[in-house]
Every structure is written in structure tokens, then in C-alpha cells.
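Descriptive analysis of the structure
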Amino acid sequence: MMLEMNTRRALQGHIATPRFETPFHPRIAAISETSDWYTWAGYKAPHSVFDEELEYFAIRSTAALFDISPMVKYRIAGPDAERYLNRLTVRNVAKLSTGRVHYTAWCDDHGHVLDDGTLFRLSADTFRLCCQERHLPWLLDSAIGFDVGIEEETMQIAGLALQGPTSFAVLSNAGFDCIERLKPFQLADFPHEDGSVTISRTGFTGDLGYELFVPAEAALSLWDRLWTAGQLHGIRAIGYAALNRARIEAGFIVANADFMTAETALRADRARMPDEIGLEWLVDTEKPNFNGRKAILEARRNQTLKHVLVGLEIEGNIPADGAIIYHRKKHEAGLVSAAIWSPLAKRNIAIASLTRPYGTRLTEDLWVEIYALRELQYQKMMKRARIVPRPFIKLDRRAAAPPGLF
Amino acid sequence: MTSSDPARTSASTSPASFEAPNFDAIVIGGGHNGLTAATLLAQNGRKVIVLEAAESTGGAMRGFEFHPGYCSAGLAHIVNRLDPDVAKLLKLDSKGRRAETLPTVALSPDGKHAVLRGGYGETIDGISQAEMKAFAAMRKKLVFQAGILKRFLKRRPPEIGKVGMSDLSTFAGAGFSLITKGREEGRDFLRMLLMNVADVADEYLSDDRLKGLVAFDATLGIHLGPRSPTSLLGLYYRLTGETDGATGAQHVPQGGMATLAPAFENAAAAAGVTIRTGVHVTRIVADRGAATGVILSTGEQLNASAIVSAIHPQATFLSLCDTAELGTGFVRSISNVRSKGNVAKLDLALERPPTFTGVSSADHRGRLVIARSIAHVEDAFNPAKYGEFSTDPVLEITLPSLANPDLAPSGGATLSALAEFAPYDLKGGWESGKPAFEAIILETLERYAPGLSKSVVASNLMTPADMETQYNLPGGHWHHGELQADQLLINRPVNAAAGYATPLSGLYLASAGSHPGGGISGLPGLLAARHILSERP
Ligand SMILES: Cc1cc2nc3c(=O)[nH]c(=O)nc-3n(C[C@H](O)[C@H](O)[C@H](O)COP(=O)(O)OP(=O)(O)OC[C@H]3O[C@@H](n4cnc5c(N)ncnc54)[C@H](O)[C@@H]3O)c2cc1C
């Protein structure tokens, strides 16, 4: 049957709106000077707002407001929620007290990482899991045999990251009383309008900073409240490009940028175990069984781990993004997945994956091959790379309690 | 258990006198596979206990009285694939009494039946010479091809990525027997392997009675119609079976099916196996990847280094294990195992032995099949796809009291009919469906054995849902999980538990739900025990 033209149009509204707009979109669009958007999990998100460079410096010297609404969010609640999450994720959830957040990861049966993310314990048996990719089928299937409910709340909950030295001052000024009591990885509810906002002292910048979650309806009023309070504290809206620089300095990895998640990887050898992407410290082999436990222990025992993720410091000042790493300038040893010249560390830094034994037994004599495109001609360079610990920067203000008023 | 399930088989060691010693192996489920596994383990010096929920062992071969004086010998009513090694291990025929090979009567409404004799119709009465030649050619082809598959049925399925020497020799052997028969045979094997039985039958045969019979045998106990792709596999499976050394042959043991369960139990007891009946295992105790014991309905805990679960794989993992001890991917695949039975079982108590028109009195001891044509079987299957039972069902009938007069009062008789298709999840529910379906089966029987319905003293129809509760058989499924291409060999019941070992170290599977599959064969139990012995010498 042919539908009437108008009816058909009406049914195809999604064509006109290929990307969702976040609850904060009206505000960001209004101040955007660059109109530089990218797609984040199906949402229209700013890559930059006014100037990538200056936005980065807002993170490091004043306060930066970054819209994290597209982050995938699940509410996990019920009498078995803790037991469920302990089986789902590699870290020990029994050790996560109410009102705290921890960074964690979860694996499939083969010990391959499905994603990493942050787990918020909102009450004894209510949690929020935030991550990069969507996992509802996996989370629901993981619930077989558990008394637990799982709901995706990505659409319903709007999120903002407020990061930078003056972020505490902004929140104070905005009237969030007792905000100074929040220690790193702690969360609490604060009144906002006739509801509340959940604020945690967390972030992806390695700086002093907070993340705020509110029902989507309260998003704009929250933005306005922060924006007004932040005027004297140099508050700026930023895009992903600036945030990405900060997170590299902080040594954080990004799913499907620094490693392929098991469900998105098309090639069987791209999946990674926690130990292959620097997350071995999360894995608690003493706690009750969890997904991937057997495989991870077997790989450790049989020494079949194939990769290792490292921080690199590279001579010179040309970012080595995507560069191939060589041992003795000859044998291919790995790949750089993220790299910048760090204004804060004043070093040329990178996050890289190496194929063992490079990076484990063979840690010296590593080189990166950089191709710099200069006015339509590549200049090829071999630069020495040194394995260095992550994070590349350490800021006392990040963990200071109470936080400083800058 | 319901009141309709008092033990027919006698021996069960008294639970009262039981202390809690240590065992090397705990076998969950006293079906014939559990008893086979237990026997082999005990014969190899292991201290073994079998835990059976019902009051007696035997699993689907467990009999029950369904009317005063009338007993059913259980769900299974004929033997056609009892493995010779299992029979030897259990010394099942040591008494030297060989059961006779029974005929299959392909019933025709006009009373002119085709009677298959020997091993699956080595000779056939009541068909033309030309048709006999055609059937013989088809039989030869299928028996040859089934012989290739049989090499894989009597051993642990190979592990992908870890193919060993003996796997290679099986592959080579299979390849060799194809090569020696010429290129043509190899091509034909690959051409036919995943075909449907209807097309193959049409290719060779013209007699509807024979076509109906092979269509019936290929799909019995499987959720496929004869025209469903891959339905030929069911017939291959049937032809991998042998009885008394004859491929495709069938018999009822001397004294009837009711003697078989006690024979398995006696063999286990003779090997030193402790058998406890009337105890449900309610939990498999596991911690961080290792199973170490079981918890019983009595609250007791028993520990052993090997837990052998000879019950349905889904019951094993989804009911007895804490899913927290298993991987999400594993639980997901176990949950997805298709296992909804569609065979109903009707037991009739009769005033006198029935007479099927046109069937000789001797042939009444055999297997009588009502499947008029391929279309009949296909039409019977169609409603099952939509959760309805067949209004013109196909039937397999035996008269158990002929082999075992004890099942009925003197002068009386019993009839056992397997009726297809009767879906586990009947739309509208079995409560109202049961009387309707039973009436249809009785009408059908009456057509072939006039006067039968008047002699009915009592009847007992069991749907797959009834079997689930009365036989602790999830889904009421013949094979403890569909026996189809995607749930075979390295994927039976699922890949991560295909070789009897499971993701939980110390926990093994041994029921029909494991390779090679269901039927009274003892092979899953035998192969599981062999694997345990090889892993834990
Ligand atoms: C209607 C029907 C008719 C059939 N007819 C035939 C036939 O004629 N010929 C043939 O060869 N095959 C036949 N089969 C197939 C055959 O009966 C099965 O494949 C076979 O019984 C499987 O044997 P098993 O030992 O693996 O499991 P089962 O026979 O199912 O035995 C499992 C045992 O475990 C026990 N159990 C379950 N859960 C627990 C628990 N938690 N704790 C303790 N014990 C437990 C059960 O009570 C049962 O005794 C038929 C099947 C059906 C359904």
C-alpha cells in the first residue's frame, strides 16, 4: 500500500534529524563560534566551541564546562545489584561504599574488555554505570539469575563535567553548600530547583573537577546556574578536542580509540584483555567469580598476553599520533594511539600499544616513525621514544581536600 | 513427584543408613546415562555416588502404575541404539537371552501394511519388487553415510583449535571411507548431509507408506517437519544406532522395557556405586571457577572432586548453579539452547490385547507406525510451529504387555503410543488441550484397531509439560535439547561445554543433552566418564 506523501514524511522525521541534540544543545549552539560538531554515540556534540587551544587552557587555568550527556548511562538497582556488578565487572564492588565512584572495566567470557567506565554507588543497592558503548543486551543477559533491574537512562539523565582549578569556586558561588566536603571519587545529591543534582568529584582531565547529573528537564537551568556563577571564575564551554588533550596528559584511555572493545572489533586479534591495555590493576582475582576471570588468570599463567599499553615520551615536539613504533629502528613493535605536545608537562607525550615482549622485556631502543606533512611534502623522522609512567602530569589540586579556591 | 509415579523398579538403598563419606565423583541424576557414567568410573576404582530425585532410577525408563493393576514401563518403549560397549560394560546381555529383532509395521488405512524386517527394512513385506529395490538402494546409501557420521558419535567431539592425533585419525578415517567409495560418494555425502528427508525419500521411493515412515523416523523427538531443511539428520541419527550388531535394528529386552532400568542400576551397584534415590540435588556448590560439591533437598552437602551432571544442561547451569559462577556469554548460550519437546505419550489400559487390522499376531509385538505419507507428517508438524497440536497426529505404537505380561492384569493389555506433534507450550494451555488431544489419538487408533476404544479401562496422556514435572525433564525433550545441526558435535549443548567438561572445573555433563544426543544409548554417559578418567587418571 502506498502511504500518502504527508504521512510518509511524518514517519521519516529521523531523516531530518540524523543526530540527537543533547539537553544542553540550545546553550552550546548559542555560544558556538566554530560550529564544529561531531557525532558522539548518536548525539551532536561540539568538537570545539570557540578555540580548541583556549578551551584546553580553560581546563588547566580556569573552569571548563563539557557536556557529557551522550555518555551511555545505566541504572542498576535491586537487592542483588552489588552481587550482579561484582560478577559483571573486574573490580571489587563490595569495596565501593555508598556515595563513592570507581573506575572499572568489564569483559566477556574470554577476558576481552567490552568497555571501561565509571560506577557510581548511589545507595546500597542502586548504581549508575557510565560508559562509552551501549551494552543493554549484555547487561540484561548478565542479569539472568539475579534479582536486579537494569534500565538505560542515557536520554533521561543529562550530564555536565565542570573541570579546572576554579571549578570548586564556581560550584560554591552557585550555592552548592557543603560541596567542599566532596573528596575525590565521592558523590552527593544537592538541591537544584525543586529537585536535585548528583555531583561527584570525578572527571577525565586529571584536574580538580566535578561531574553533575540531572534529569534532562533540569538541564538548562543547571547550565544557567553554573554559567552565571562562573562568570567571574573564567568559565568556558569546551569541545572534545580540548578535553582529549587533557585526558592524554592525565593518561586516561578511550574505548575504541586506544583499544578496540570486544564487541566492536571485527578482527579476532583486536580484542584486548585488561592486562593488555594497562587495566590489570583493576582486576581483583580474590573476589568472587566475574566474567573473564578464568581466561585472564589462564593468560597470566600461560603468559599468552600479547600486548601492553604504555606511556611514551618522544623526543622533539611533533605529536606522533598514529605513528608506528620500532625497536632498534628495525622491528615493528607497536602503534601510537594518542599523542600531543603537552603544554603542561612541556613534553611530547603519547599513549601506545606494544606487542610483547616490546614494552615488557624489551623496553629500550624504541623509536617512532613520524611523518610530518609540510606544505605538501612529507618529512619522515625517526624519533627516540622512552617508556614513562602515566599519568604524564600530576596536579596536587586534583586531590586536595578541601579543594582550593582559585 | 506426583502420586502417579510410584516406583516400579525396586531397589533403592535406604537413605536412612547413610553417612557422609567422601566421594571421588557425585553423579547427579540416575537416568541410564548417569548410571553408565557411574559404573565406568566405579569400575576404574572411583568412589561414586548417584543421586536421583525420583524414588527409583532409570530416568525416562522409569515405570509407573497409571491405573490399579496397569503399569507403564516409562516414556521410552523400544531400544534401537543401545551402544554395544555400554551393553558390555554393564553386562546387560550376560544372561545370554537375546531379544528378538522387532519389525516396524508402516500402517496403512486400507489394512495393507508395509512391514520392515531385520535392521531397518533389510526385507520388507507388502511392497512391490521395484519398491524393494529402491528402498534397498536408499537404505544402503543412508547406512553408508550414517556410518561416516557414526565415527564421530562414539568419541568426544574435537575441540576447535586443539585437534589432536586421534581426532585426525577420525577425520582421516571418515575421509578414507569416502575416497575408497569413489568421488561420487563423497559428493553425494556432502550433497545430502543437510537435505530434508522428504526430498531424499522422494528421490528414491514411490510408496507413501515407506516415505511416511522415514519422514516420521527422521523427525521423531525433533522440532522439524520432514520438509524442514536438515531433517535428514534425524534419520542418519537413527541409522547410527545398532541393536545386536544390526544397524537400524530394534528390540524390546526380554521381559520388557521395565527390566532395563533395573539392569543399569544393578550394574552400577555391582561396580560398587552408592545409589541414593528420593533426593533432589538443589545446588551445585562452586567458587571462583571450581565446582566442589552439591547440596541436597535434605539440606546435606556432599563434596567430591568430580561432579557429573547427568541431567538436562539447562537445569544443570540455570537451576543448580549460581549464574554468578558462570560467564554471561555462557549463560546466554545455555539459555538459548532450544529444548521444547513435542512428543506426547499415551498409555492405555485395555481389557484385552488390541487387534490392528491386517497386522499378523506376531507383528503386534513390533513397532506400529501411523504416518500415511510425507504430507501427513508435514501436516501434523505444521500446527506445532504455531503452538497447536496436530488434529491428525502421527503415532508410534507398541504393546508393552506382550513382552511383559506383568504390566497388566491377566487377560488385559497395555498400549503405549508416542504421539506427534504436541508442543510443550500449547497455545491455550494443556489443561483444556489434553482431553481434546487424547480424544483425537483414540479416534486415530480406533481407525486402525476397530473396537479398541471400547476396551479402554484407563488412559494416561503425558504431554511434554507433564514429562517436565514428572521426569524432571526440562521442556519434556527427548534429547535434552534439540538434535539439530546447530546443537550437534562441538556445539552440543553449547561450544563451551561440548566436551563433557564445563567452564566450571570439576563439573562435567553426561546426559542426553551432551554429545552425541538422546535415546537409550548410554553414549553420553560412557564418553563423559572416559573423559573424566582421562583428565583425572
Ligand atoms: C516421550 C519420550 C519417549 C521416548 N522414547 C524412547 C524410545 O522409545 N527409545 C529410546 O531409545 N529413547 C526414547 N526416548 C529418549 C530417551 O528416553 C532419552 O533420551 C533418555 O532417557 C535420556 O537419558 P538420560 O539418562 O540422559 O536422562 P533421563 O532419562 O532424563 O534421566 C535423568 C534423571 O535425572 C533425574 N534428575 C533430574 N534432575 C535432578 C536433580 N536435580 N537431582 C537429582 N536427580 C535429578 C531425573 O529424575 C531422571 O531420573 C524418549 C524420550 C521421550 C521424552
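Residues numbered from 1 in each chain as written. Chains lettered and ligands numbered in written order. Predicted model: local features only at pLDDT ≥ 70, side-chain atom pairs only at ≥ 80, totals over all residues. Heavy atoms only, no water.

Regarding the nonpolar core
Residue and element names in this part refer to chain B.
- Counting residues in hydrophobic clusters, the biggest one holds 50 residues, and the most contacted among them are F135, L235 and Y236.
- Take this core: its biggest share by element is ten residues, from helix α3 (residues 129–153).
- Not counting residues within four places of it along the chain, the set of residues in contact with F135 comprises L116, Y120, G121, I124, L205, L210 and V214.
- One finds V48, A263, F264 and Y508 within the second-largest nonpolar core, a separate group that totals 48 residues. (Core = buried A, V, L, I, M, F, W, Y, C linked by side-chain atoms within 4.5 Å. Buried < 20%, exposed > 50% of the residue type's maximum accessible area, 1.4 Å probe, protein only. Helix = DSSP H or I, 4+ residues; strand = E, 2+ residues; numbered from the N terminus. Contact = heavy atoms within 4.5 Å.)

Quick notes on the site of the ligand
Residue and element names in this part refer to chain B.
- The local shell around the ligand holds 33 residues, among which N33, E52, I78, G519 and I520 are the closest.
- At 3.0 Å, a side-chain N or O of H480 approaches an oxygen atom of the ligand.
- The protein chains hide 97% of the 1,000 Å² of surface that the ligand would expose on its own.
- Mapped onto the shell around the ligand, the elements with two or more residues apiece are α1 (32–43) and β2 (48–52).
- Across the shell around the ligand, the residue classes break down as 18 nonpolar, 13 polar and two charged. (Near = heavy atom within 4 Å. Polar contact = N/O pair within 3.5 Å; in protein donor to acceptor, adjacent residues only side chain to side chain. Areas by Shrake-Rupley, 256 points an atom, 1.4 Å probe, with all protein chains shown as cover. Nonpolar A, V, L, I, M, F, W, Y, C, P; charged D, E, K, R; others polar.)

Considerations on helix α9 (residues 260–270) of chain B
Residue and element names in this part refer to chain B.
- Among all positions of α9, only L260, A261, A263, F264, E265, A267 and A268 are buried.
- Along its buried surface, α9 packs onto α1, α2 (84–89) and β10 (274–277).
- One or two positions beyond α9, positive phi appears at G272, with a value near 95°.

Topic: the sheet that holds strand β15 (residues 307–314) of chain A
Residues and elements named next belong to chain A.
- Reading around the barrel, the six strands line up as β15-β18-β17-β16-β19-β20 and close back on themselves, with antiparallel pairing between neighbours. The average undirected angle you get between the axes of adjacent strands in this sheet is 40°.
- In terms of strand pairing, strand β19 (residues 366–373) meets strand β20 (residues 378–388) through eight bridges, oriented antiparallel. From the neighbouring strand, L366 faces β20, where its bridge partner is A385.
- The sheet strands contacting helix α9 (residues 240–250) are β17 (331–342) and β18 (347–355), and the helix crosses β17 at an angle near 120°. (Pairing = 2+ DSSP bridges. Axes fitted to C-alpha atoms, helices over the stretch in contact; angles between N-to-C directions.)

Section: the packing of α1 of chain B against helix α16 (residues 523–535) of chain B
All names here are of chain B.
- Where α1 contacts α16, the axes come no closer than 7 Å and their chain directions differ by 35°. Between α1 and α16 lies a crossing of right-handed hand. Residue-level contacts link N33, T36, A37, L40 and L41 of α1 to L523, P524, G525, L526, A529, R530, I532 and L533 of α16.
- Of the residues contributing to the contact of α1 with α16, the split by class is nine nonpolar, three polar and one charged. (Left-handed = near helix turned anticlockwise from the far one by under 90°.)

Overview of the pattern of salt bridges
All names here are of chain B.
- Counting across every chain of the model gives 50 salt bridges over all chains.
- Residue D486 pairs with R338 through a salt bridge whose shortest N-O separation is 2.3 Å. Placement of the pair is D486 in the loop between α15 (464–470) and β19 (507–509) and R338 in the loop between α11 (328–335) and β14 (343–350), with a sequence separation of 148 residues.
- For R338, a relative accessible area of 34% puts it in the partly exposed group.
- Connected via shared salt-bridge partners are K141, E185, D188, R191 and E203. (Salt bridge = Lys/Arg side-chain N within 4 Å of Asp/Glu carboxyl O.)

What about helix α10 (residues 313–320) of chain B?
- The buried fraction of α10 of chain B amounts to six of the eight residues, a majority that puts the element mostly inside the structure.
- The set of residues buried in α10 of chain B consists of P313, Q314, A315, T316, F317 and L320 of chain B.

Describing the interface of chain A and chain B
- The interface of chain A with chain B comprises 18 residues on the first partner and 16 residues on the second.
- Surface buried jointly by chain A and chain B totals about 1,300 Å² across both partners, of which 43% is contributed by carbon and sulfur atoms.
- At the boundary of chain A with chain B, the tally comes to two salt bridges.
- R83 of chain A is the partner of D322 of chain B in a salt bridge, and the nearest nitrogen-oxygen pair spans 3.0 Å.
- Our count for the contact surface shared by chain A and chain B stands at 16 residue pairs in polar contact (both at pLDDT 80 or more).
- Counting residues per element, the side of chain A that touches chain B draws most heavily on helix α6 (residues 136–142) of chain A, which supplies four residues.
- Residue composition of the side of chain A that touches chain B, by class: five nonpolar, five polar and eight charged. (Buried area = accessible area lost by both parts, 1.4 Å probe.)

Looking at the side chain of S228 of chain B
All names here are of chain B.
- With respect to the helices, strands and loops of the structure, S228 is situated in the loop between α7 (208–219) and α8 (232–239).
- What makes S228 buried here is its relative accessible area of 12%.
- Aside from chain neighbours lying at most four places away, what touches S228 is N196, E378 and F381.

Observations concerning the domain arrangement of chain A
All names here are of chain A.
- Split by domain assignment, chain A resolves into domain 1 (17–71 + 156–250), domain 2 (72–152) and domain 3 (268–388).
- Measuring from the centre of the C-alpha atoms in domain 1 to the corresponding centre in domain 3 gives 30 Å.
- Broken down residue by residue, the surface that domain 1 buries against domain 3 is led by R245, I248 and E249, which jointly contribute 65%.
- Between the two partners, domain 1 and domain 3, sit two residue pairs in polar contact (both at pLDDT 80 or more).
- Among the secondary structure elements, those contributing two or more residues to the side of domain 1 that touches domain 3 are α4 (52–61) and α9.
- Of the residues forming the side of domain 1 that touches domain 3, the biggest block, four residues, is contributed by α9. (Domains from an automatic or database assignment.)

Some words on the pairing of strand β17 (residues 413–420) of chain B
Residues and elements named next belong to chain B.
- Most of β17 is tucked away, with eight of its eight residues classed as buried.
- Of the two faces of β17, the one holding A413, L415, A417 and A419 and the one holding T414, S416, L418 and E420 are both buried throughout.
- The sheet contact formed by β14 and β17 spans eight bridges and is antiparallel. When the bridges of β17 are listed, D347 appears paired with S416.
- Here strand β16 (residues 394–398) runs beside β17; their pairing, made up of five bridges, is antiparallel. When the bridges of β17 are listed, I397 appears paired with A417.

Things to note about the environment of V343 of chain B
- Topologically, V343 of chain B is positioned in strand β14.
- Once the C-alpha coordinates of V343 of chain B and L395 of chain B are considered, the two residues, 52 residues apart in sequence, prove to be 9.5 Å apart.

Notes on the packing of aromatic side chains
- Going through the model one piece at a time under the given rule, you end up with 18 aromatic pairs over all chains.
- A centroid spacing of 5.6 Å and a plane angle of 20° characterise the contact between W223 of chain A and W227 of chain A, whose relative ring orientation is stacked. Note that W223 of chain A and W227 of chain A are positioned in helix α8 (residues 219–230) at a spacing of four residues, about one turn of the helix.
- Looking at W227 of chain A, the relative accessible area reads 24%, which means it is partly exposed.
- When the centroid spacing of 6.4 Å and the interplanar angle of 20° are considered together, the rings of Y120 of chain B and F135 of chain B count as stacked. On the criterion of sequence distance, the pair formed by Y120 of chain B in the loop between β6 (114–117) and β7 (123–125) and F135 of chain B in helix α3 is long-range, its members being 15 residues apart.
- Residue classification places F135 of chain B among the buried positions, given a relative accessible area of 1%.
- In this structure an aromatic cluster arises from ring pairing among F24, W223 and W227 of chain A. (Phe/Tyr/Trp six-rings, centres within 6.5 Å; stacked < 30°, edge-to-face > 60°.)

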